[in-house]
Amino acid sequence: MEHTTTTAPAPTPALGFPEKLMPIGGVWVPSSTGTTITVSNPATEQPIAEVPSATVQDGLAALDAACSAQDAWAATPARERADILARTYQGIIDRRDEFAALITAEMGKTLPEAQAEVDYGAGFFRWFAESAGRLHLEGQYGLEPGGNYRIAVSKRPVGPALLITPWNFPLAMGARKIAPALAAGCTTVLKPAELTPLTSLLLAQVMEEAGVPAGVVNVITTNDSRGVVGAIMADPRIRKISFTGSTQVGRALLRQAAENVMNTSMELGGNAPLIVFDDADLDQAVDGAIVAKLRNGGQSCVGANRIYLQSGIAEQFTQRFTEKMAATRVGDGAEPGVELGPLVDAKQVASVSALVTDAVAKGATLLTGGTIQEGAGYYYPPTVLTNIPADADIRTEEIFGPVAAIYTFDTEDEAITEANDTPYGLASYVFTQNLSRALRVADAIEAGMTGINRGLVSNPAAPFGGTNQSGLHREGGTEGLDAYQETKYTGIQL
Ligand code: NAD
């Protein structure tokens, strides 16, 4: 495998928002110390833009703005909130190419994947616009079982929400939080990952144009996440934290949230099994595994981390899958025809490479890939490993790169036991033409999500999230809105 070498780097996309500024309380401001973060393109390692590096003071200013705007936003009629979300959906779609170019430039995924992320991310605004309109009609009213008085149950916004997102889906991860928060009547402070803050700033610009009032969406970009987030979370006025990122940081935030007994939603790491049975449609299974492995360069929490093949099809599957992996065109994601972009940074390349080196040193067989090419850009080739020994780190760690770890099994029970042998429980995939087996195995796997005969399950209309150490609560679906609401019960004696 060789990655394509560009003769001239792709031009830096237009930012579409004021550089070195962030929106706090409806005004685009610099960091209080004037310091900035340089954002670079992982395909070229060249700088693209600078964004402010918010201080604790800036973070608290964003919190003040969100708190000042909270009552008026909660009192804004649901239909008006829904209309703003619908206009945001349209605003993103109208600027689809601009968003996609920015996502590719700051994160590295290919342009078609970035466009797919734009549609997926925008979809959350459409979905929650549709939900927001009927929000206050949902509830219960009725006699308590003893017949003595009435029970009324309604929902209200939980309050100002702190939203923290990772770098792998720069638009979708924020959209999945902001849209339901606003639909429910919560104001927000969004803290995107420092590697990919540009898309969030463009989103804030589009939301402003869609009519979001000042203070309802504040964005802080910072390279002092621990300090700034810590200060905001120590303030009892913030009532909700929704975090997507690593289990390790999620744990630390849960500890901080305990202090003020804050409402928490956690979307954390994964270690998804993908199981292919002998009776699977092999074309479907190979294609599904390629999607589940290579989407986002493998840098996805729902990426197929462990591929289990039943012994009858193992050889055939491995051969076809490996051929496809080896034929994948790697290069700058902005170039037409490229199927796999760079990883997000040098640290990510080092961590993926360390897992492969460890497995091979312990005796795993390398079927393709595994060698880093010289040159600019954080590239790692599509790689396939088999015969992975029991003590290899790759068996238990989240790979987060284009490396497929293949294992074999004989019986259904064995596959289920292996699949569940992890503290995580986010996504899982099952390929079989036997419907009973598909549903039986899906039920038996401890994971928040299972794809049957498909390698992609994310959808704004479906509840996304994990069990065990993969997180708490769901995003999207009807559950996504519940995460930003409190339940209010009123006992009524007539
Ligand atoms: P990360 O945990 O390092 O960072 C996530 C966010 O938290 C970033 O904005 C970062 O700046 C911030 N952060 C880091 N340390 C912090 C601290 N001490 N206090 C407050 N904020 C802090 O994760 P990452 O490397 O950006 O993303 C990769 C991880 O995210 C993977 O484990 C992946 O599985 C997970 N992920 C999960 C989902 C999901 O929905 N479950 C989706 C995407 C990614």
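Criteria and thresholds
- Residues numbered from 1 in each chain as written.
- Predicted model: local features only at pLDDT ≥ 70, side-chain atom pairs only at ≥ 80, totals over all residues.
- Heavy atoms only, no water.
- 1 Å grid on protein atoms, 1.4 Å probe; cavity = no way out; pocket = protein on both sides within 12 Å on 5 of 7 lines; lining within 4 Å.
- Points joined across faces, edges and corners; volume = space filled by probe spheres on them.
- Helix = DSSP H or I, 4+ residues; strand = E, 2+ residues; numbered from the N terminus.
- Nonpolar A, V, L, I, M, F, W, Y, C, P; charged D, E, K, R; others polar.
- Domains from an automatic or database assignment.
- Patch = residues over 30% accessible without salt bridge, like charges linked within 9 Å, V, L, I, M, F, W, Y side chains within 5 Å.
- Areas by Shrake-Rupley, 256 points an atom, 1.4 Å probe, with all protein chains shown as cover.
- Salt bridge = Lys/Arg side-chain N within 4 Å of Asp/Glu carboxyl O.
- Lys, Arg positive; Asp, Glu negative; His and termini not counted.
- Charge placed at Lys NZ, Arg CZ, Asp CG, Glu CD.
- Near = heavy atom within 4 Å.
- Polar contact = N/O pair within 3.5 Å; in protein donor to acceptor, adjacent residues only side chain to side chain.
- Sits in = over half its atoms within 2 Å of the grid points.
- Pairing = 2+ DSSP bridges.
- Axes fitted to C-alpha atoms, helices over the stretch in contact; angles between N-to-C directions.
- Buried < 20%, exposed > 50% of the residue type's maximum accessible area, 1.4 Å probe, protein only.
- Contact = heavy atoms within 4.5 Å.
- Buried area = accessible area lost by both parts, 1.4 Å probe.
- Expected span 1.5 Å × (residues − 1).
- Bend = angle between axes of the 7 residues up to and from the residue.
- Core = buried A, V, L, I, M, F, W, Y, C linked by side-chain atoms within 4.5 Å.
- Arc of directions from axis to C-beta.

K.L.:
Looking at this structure, how should I read the layout of surface pockets?
P.N.:
Empty space left among the atoms is revealed by rolling a probe the size of a water molecule over them. Considering only enclosed or pocket space, the largest pocket measures out at about 1400 Å³ in volume. The set of elements that each furnish at least two residues to the lining of the largest pocket consists of α7 (225-233), β10 (240-244), α8 (247-259) and α11 (346-361). Broken down by element, the residue count for the lining of the largest pocket peaks at six residues, all from α8. Class assignment of the residues belonging to the lining of the largest pocket gives a composition of 19 nonpolar, 13 polar and eight charged. For the lining of the largest pocket, the two domains that each supply at least three residues are domain 1 (7-267 + 471-492) and domain 2 (272-458). As a volume, the second largest pocket reaches approximately 240 Å³. As for the second largest pocket, its lining consists of 15 residues, of which Leu 135, Glu 138, Thr 478, Leu 481 and Asp 482 are closest to the centre.

K.L.:
What should I look at first to understand a negative patch on the surface in this one?
P.N.:
Judged by side-chain charge, Asp 278, Asp 410, Asp 413 and Glu 414 come together as a negatively charged surface patch. Mapped onto the secondary structure, Glu 414 falls in helix α12 (residues 412-419).

K.L.:
Just checking my understanding: could you explain the site of the ligand for this structure?
P.N.:
Taken together, 29 residues lie around the ligand, and Thr 165, Arg 176, Glu 194, Ser 246 and Glu 398 are the ones closest in. Measuring from an oxygen atom of the ligand, one finds a side-chain N or O atom of Ser 225 at 3.0 Å. The separation between a nitrogen atom of the ligand and a polar main-chain atom of Glu 267 is 3.5 Å. Relative to its unbound accessible area of 840 Å², the ligand is 88% covered by the protein chains. A molecule is said to occupy a pocket when more than half its atoms come within 2 Å of that pocket's grid points, and by this definition the ligand occupies the largest pocket. At the level of elements, α5 (172-184), α7, β10 and α8 are the ones that each hand at least two residues to the shell around the ligand. Here the element with the most residues in the shell around the ligand is α7; it accounts for three residues.

K.L.:
Is there a simple way to think about the sheet that holds strand β6 (residues 150-157) in this case?
P.N.:
Within a sheet, neighbouring strands are paired by backbone hydrogen bonds and run either parallel or antiparallel to one another. Sheet architecture is open: three strands sit in the order β5-β6-β20, paired in antiparallel fashion. The open sheet has two free edges, formed respectively by β5 (140-143) and β20 (485-492), since each of these has just one partner strand. If you compare each strand with its neighbour and ignore which way they point, the axes differ by 20° on average. Pairing of β5 with β6 involves four bridges; the strand directions are antiparallel. Directly across from Gly 142, in β6, lies its bridge partner Ile 151.

K.L.:
Looking at this structure, how should I read empty space enclosed by the protein?
P.N.:
Applying the stated criterion across every chain, the model contains three cavities of 30 Å³ or more. Space inside the largest cavity adds up to approximately 60 Å³. Residue composition of the lining of the largest cavity, by class: six nonpolar, two polar and two charged.

K.L.:
I keep staring at the environment of Ala 82 and nothing clicks. Help me out?
P.N.:
Tracing the sequence through the fold places Ala 82 in helix α2 (residues 78-94). Ala 82 gets classed as buried once you look at its relative accessible area, which sits at 8%. The spatial distance from the C-alpha of Ala 82 to the C-alpha of Ser 436 is 41 Å, given a sequence separation of 354 residues. Ignoring sequence-local partners within four residues, the contact set of Ala 82 consists of Ala 129, Ala 132 and Gly 133.

K.L.:
Where do I start with the domain arrangement of the protein in this structure?
P.N.:
Frequently, the measure chosen for interface size is the accessible area removed from exposure when the parts meet. If you check the domain split of the protein, you get domain 1 (7-267 + 471-492) and domain 2 (272-458). Spacing between the C-alpha centres of domain 1 and domain 2 amounts to 30 Å. With 20 residues of domain 1 at the interface, the matching set in domain 2 holds 29 residues. When the buried surface of domain 1 facing domain 2 is broken down by residue, Ala 43, Glu 45 and Trp 167 rank first, second and third, together holding 24% of it. Counting every contact that joins domain 1 to domain 2 gives zero salt bridges. Here domain 1 and domain 2 share seven residue pairs in polar contact (both at pLDDT 80 or more) between them. Secondary-structure elements contributing two or more residues to the side of domain 1 that touches domain 2 are α3 (96-107) and α4 (111-132). The dominant element in the side of domain 1 that touches domain 2, judged by the number of residues it contributes, is α4, at three residues.

K.L.:
What's the story with helix α1 (residues 56-75) in this structure? I'm lost.
P.N.:
Residues lying three or four places apart along an α-helix face the same way, a consequence of the helix completing one turn every 3.6 residues. Taking 1.5 Å per residue as the helical rise, α1 with its 20 residues ought to reach 28 Å, and the 29 Å between its terminal C-alpha atoms agrees with that figure. By the largest-angle criterion, Ala 69 marks the main kink of α1, which is about 40°. Taken residue by residue, α1 has Asp 58, Gly 59, Ala 62, Leu 63, Ala 65, Ala 66, Cys 67, Ala 69, Gln 70 and Trp 73 as its buried positions.

K.L.:
Help me understand the nonpolar core, please; the structure alone is not making it clear to me.
P.N.:
Generally speaking, a soluble globular protein has its nonpolar side chains buried in company with each other. Among the nonpolar cores identified, the biggest contains 118 residues, and Phe 125, Phe 317 and Phe 321 are the most heavily contacted of them. Split by domain, this core shows at least three residues from each of two domains, domain 1 (7-267 + 471-492) and domain 2 (272-458). In terms of nonpolar packing, the next biggest core, distinct from the first, is built from 28 residues, Ile 388, Ile 416, Ala 419 and Ala 447 among them.

K.L.:
How do you make sense of α12 when you look at a structure like this?
P.N.:
Within the sequence span of α12, burial applies to Glu 412, Ala 415, Ile 416 and Ala 419. Viewed end-on, α12 has its buried residues packed into an arc of 95°, placing them on one side of the element. Projecting away from the buried face of α12 at angles above 90 degrees are the exposed residues Asp 413 and Thr 417.

K.L.:
Teacher, can you tell me more about the sheet that holds strand β13 (residues 304-310) here?
P.N.:
An order of β14-β15-β16-β13-β12-β17-β18 is seen for the seven strands of this open sheet, with the pairing classed as mixed. Taken across any chain shown, the strands that pair with only one partner, and hence form the sheet edges, are β14 (365-368) and β18 (449-452). Strand-to-strand twist of the sheet, defined as the mean angle between neighbouring strand axes without regard to direction, takes the value 25°. In terms of strand pairing, strand β12 (residues 272-276) meets β13 through five bridges, oriented parallel.

K.L.:
Just to check I follow, could you spell out the pattern of salt bridges for this structure?
P.N.:
Should their charged atoms come close, side chains of opposite charge can pair. Per the counting criterion, the structure on display carries 17 salt bridges. Asp 235 is the partner of Arg 237 in a salt bridge, and the nearest nitrogen-oxygen pair spans 3.0 Å. Note that Arg 320 and Asp 283 form a salt bridge whose closest N and O atoms lie 2.1 Å from each other. Residue Arg 320 is located in helix α10 (residues 311-327), and its partner Asp 283 is located in helix α9 (residues 282-294); the two are separated by 37 residues in the primary sequence.

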